[in-house]
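Coordinate analysis (summary)
One letter stands for each residue in the lines below.
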Amino acid sequence: MTDTLFGGPALPPAYPERAAWGTAQKLRAWQAQAIEKYFAESPQDFLAVATPGAGKTTFALRVATELIDRGIVNRVTIVTPTDHLKRQWADAAARVGISIDPNFKNADGKHGRGFTGVAVTYAQVASKPILHRAKTEAARTLVILDEIHHGGDALSWGDGIREAFDPAVRRLSLTGTPFRSDTAAIPFVDYVQDRDGIRRSKADYTYGYGEALKDHVVRPVMFMAYSGQMRWRTSAGEEMAASLGAPVTKDITSQAWRTALNPAGEWIPSVLAAADQRLTQVRRSVPDAGGLVIATDHEDARAYAGQLKKITGESPTVILSDDAKASGKIEEFSAGGKRWMVAVRMVSEGVDVPRLAVGVYATSTATPLFFAQAVGRFVRARKRGETASVFLPSVPNLMALANQLELERDHALDRPDKDDADGFATEDAEMIEANREEKGSDTLEKMKFEALESQASFDRVLFDGGEFGTGGELGSEDEQDFLGIPGLLDAEQVSVLLRQRQAEQQTRRKRRNPDSSQPSTAAPVVDHRMLMDLRNELAKNVSAWSARSGMPHGMVHSELRRLCGGPAVAQANEGQLQERLKKLQDWFIGRK
């Protein structure tokens, strides 16, 4: 057996980008093992679970070419979640000599001459399953079901896929995230009962993120968590305030989270500025590295794009669901060198841009499935040492998902309705809801409260199940320690460096606040109302100066702290806050 297994066409192991470091023109070990197992067993159904970025496309197309060469099949149907992925698969198939028509419509009846098969969406199949069944019966067909978990998105989808592809000679199912947030059965997937009596999906071959990370197939991901003070008004007219990530009720967490993501506040511009600073650091060693902001809806996406233009001086690429040119924009961004792309949350599986290295998770969607797919946009490694950084709000459920990145899950049926032991919230919407643009429901949710004010502060870094950093003000040395981590490091080097940076922070804090052996005098009583009023006044003045000067909020705070000294805004006393206000007033009237 050769390095390319059966001597087939040499598609890179991680199409559409070049192979990972050290694997050019060779199959990766997992791909070779999975292919060997496939042909040893020659099953009608085969489920391969491989982490995003591992090379599922190359694996599937190698199986397809071999089945065609052996005369086992003479037609290939590829089913994908999105229109963009149809084109992506067709381009990949062309590389290995298989002509796939991604423009086939149900109204066409037949695909064009010269094509070996078609690429269609799950929705397309579900709308006319009898048509696709007839096409499947008319030839010896291999069906490749990409991201097969979408087969359970709706009852009609699952029924339609079963009806259309039951006669197929072979079915090859692929997914990077085999679990779902509900208990809808996935078509053509076997379920085995475990010791607890719960039926779980059974993969024929599994290659998880942990294995891929050890093999340098995917990037290590650092999660940069940002907290801060939030203030909003409820529908009853009551003003509320909370620290993002504080141990509070679910409703308060949700509203504080939405306040943070409000484009009119300070939190999101500050985090975007920090993420852009991180991207600049990464581009020193990876010149074409790009960033992606995942927004909740179109309105927020456009607002975030405007803020990024102020920060970078460059208009980002904006991907909206109702834009007929969306696929072309994605391809242009992938092939170019622009810094940022902004897209609504449906981008989780619709974008395969290997140069994405920095992300901002600026959406309120928090299903385990969506989170895993969103993070998957940043993990594809092109050469050894590339790292990924994802900026996100410091809220408990996102922190838990980030800490469990390497956890392997199977799709479980028969879960009790109130069972949340696996991290699945019973109120999570199905993926079809999570990936669509919210319209009416988002409007109703936004009417429940009015975001008044948001301030950002650096919280911590999450990596490999550990947490690093002791928090810090925007622009502080504590934050810069982590934003300045080099862009080329392997997982072991990232762990060592994070521990080193944390130790340095702890040493600095001890120097700033040495333990005193002298008995302390009673501290004066702090007027919390006055402090809140001063912080609010400072925030408004910083916003005004930012609008006048074009300087991001975080940079204004950093400069004020440098000039006036003292701790973060949240820890500053009355005198320190007044000094910063005075400095801002000097700036406004032109004095230095």
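None of these values were measured; they are calculated from a predicted model.

Glancing now at the packing of helix α1 (residues 29-41) against helix α2 (residues 56-69). Contact geometry for α1 and α2: axes closest at 10 Å, N-to-C directions at 35°. Note on packing geometry: the crossing formed by α1 with α2 is right-handed. Contacts between α1 and α2 involve W30, Q31, A34, I35, Y38 and F39 from the first element and K56, T58, F59, R62, V63, E66 and L67 from the second.

A few words now on helix α10 (residues 298-312). Turn by turn, an α-helix covers 3.6 residues, leaving residues three or four places apart pointing in a common direction. The end-to-end C-alpha distance of α10 is 21 Å, a good match for the 21 Å that 15 residues give at a rise of 1.5 Å each. Within α10, the full set of buried residues consists of H298, D300, A301, Y304, A305, Q307 and L308. Where α10 starts, the residue carrying a side-chain oxygen 3.3 Å from the main-chain nitrogen of E299 turns out to be D297. G313 lies just past α10 and shows a positive phi near 80°.

With that out of the way, let us pick up the sheet that holds strand β9 (residues 205-207). The seven strands lie next to each other as β3-β4-β2-β5-β6-β1-β9, forming an open sheet whose pairing is parallel. The open sheet is flanked by β3 (100-101) and β9, the only strands paired with a single partner. Bridge count between β3 and strand β4 (residues 117-121): two bridges; the pairing is parallel. Residue pairing in the sheet places D101 in a bridge with V118 of β4.

Further remarks concern the side chain of Q307. By the element assignment, Q307 lies in helix α10. Ignoring any residue separated from it by four or fewer positions in sequence, one finds Q307 in contact with P263, I268, P269 and L272.

A separate point is the packing of aromatic side chains. Taken as a whole and judged by the stated rule, the model has twelve aromatic pairs. Ring centres of Y226 and F458 lie 5.6 Å apart, and the angle between their planes is 70°; on these two criteria the pair is classed as edge-to-face. On the criterion of sequence distance, the pair formed by Y226 in strand β10 (residues 221-227) and F458 in strand β19 (residues 457-463) is long-range, its members being 232 residues apart. Side by side, Y226 and F458 carry an identical accessibility label, which is buried. Three or more aromatic residues joined by ring pairs form one cluster here, namely W30, Y38, F39, F46, F59, Y205 and Y207. K135 extends its terminal NZ or CZ atom over the ring of F104, reaching a point 5.0 Å from the ring centre. Note that R355 overlies the ring of F333, its terminal NZ or CZ placed 4.1 Å from the centroid.

Taking 1.5 Å per residue, 13 residues should reach 18 Å; helix α3 (residues 83-95) reaches 19 Å between its end C-alpha atoms and fits that length. Those residues of α3 that sit buried are H84, L85, K86, Q88, W89, A90, A92 and A93. Of the residues flanking the end of α3, it is G97, one or two places downstream, whose phi is positive at about 85°.

Reading the values: the criteria
- Residues numbered from 1 in each chain as written.
- Predicted model: local features only at pLDDT ≥ 70, side-chain atom pairs only at ≥ 80, totals over all residues.
- Heavy atoms only, no water.
- Axes fitted to C-alpha atoms, helices over the stretch in contact; angles between N-to-C directions.
- Helix = DSSP H or I, 4+ residues; strand = E, 2+ residues; numbered from the N terminus.
- Left-handed = near helix turned anticlockwise from the far one by under 90°.
- Contact = heavy atoms within 4.5 Å.
- Expected span 1.5 Å × (residues − 1).
- Buried < 20%, exposed > 50% of the residue type's maximum accessible area, 1.4 Å probe, protein only.
- Polar contact = N/O pair within 3.5 Å; in protein donor to acceptor, adjacent residues only side chain to side chain.
- Pairing = 2+ DSSP bridges.
- Phe/Tyr/Trp six-rings, centres within 6.5 Å; stacked < 30°, edge-to-face > 60°.
- Lys NZ or Arg CZ within 6 Å of the ring centre and 35° of its normal.

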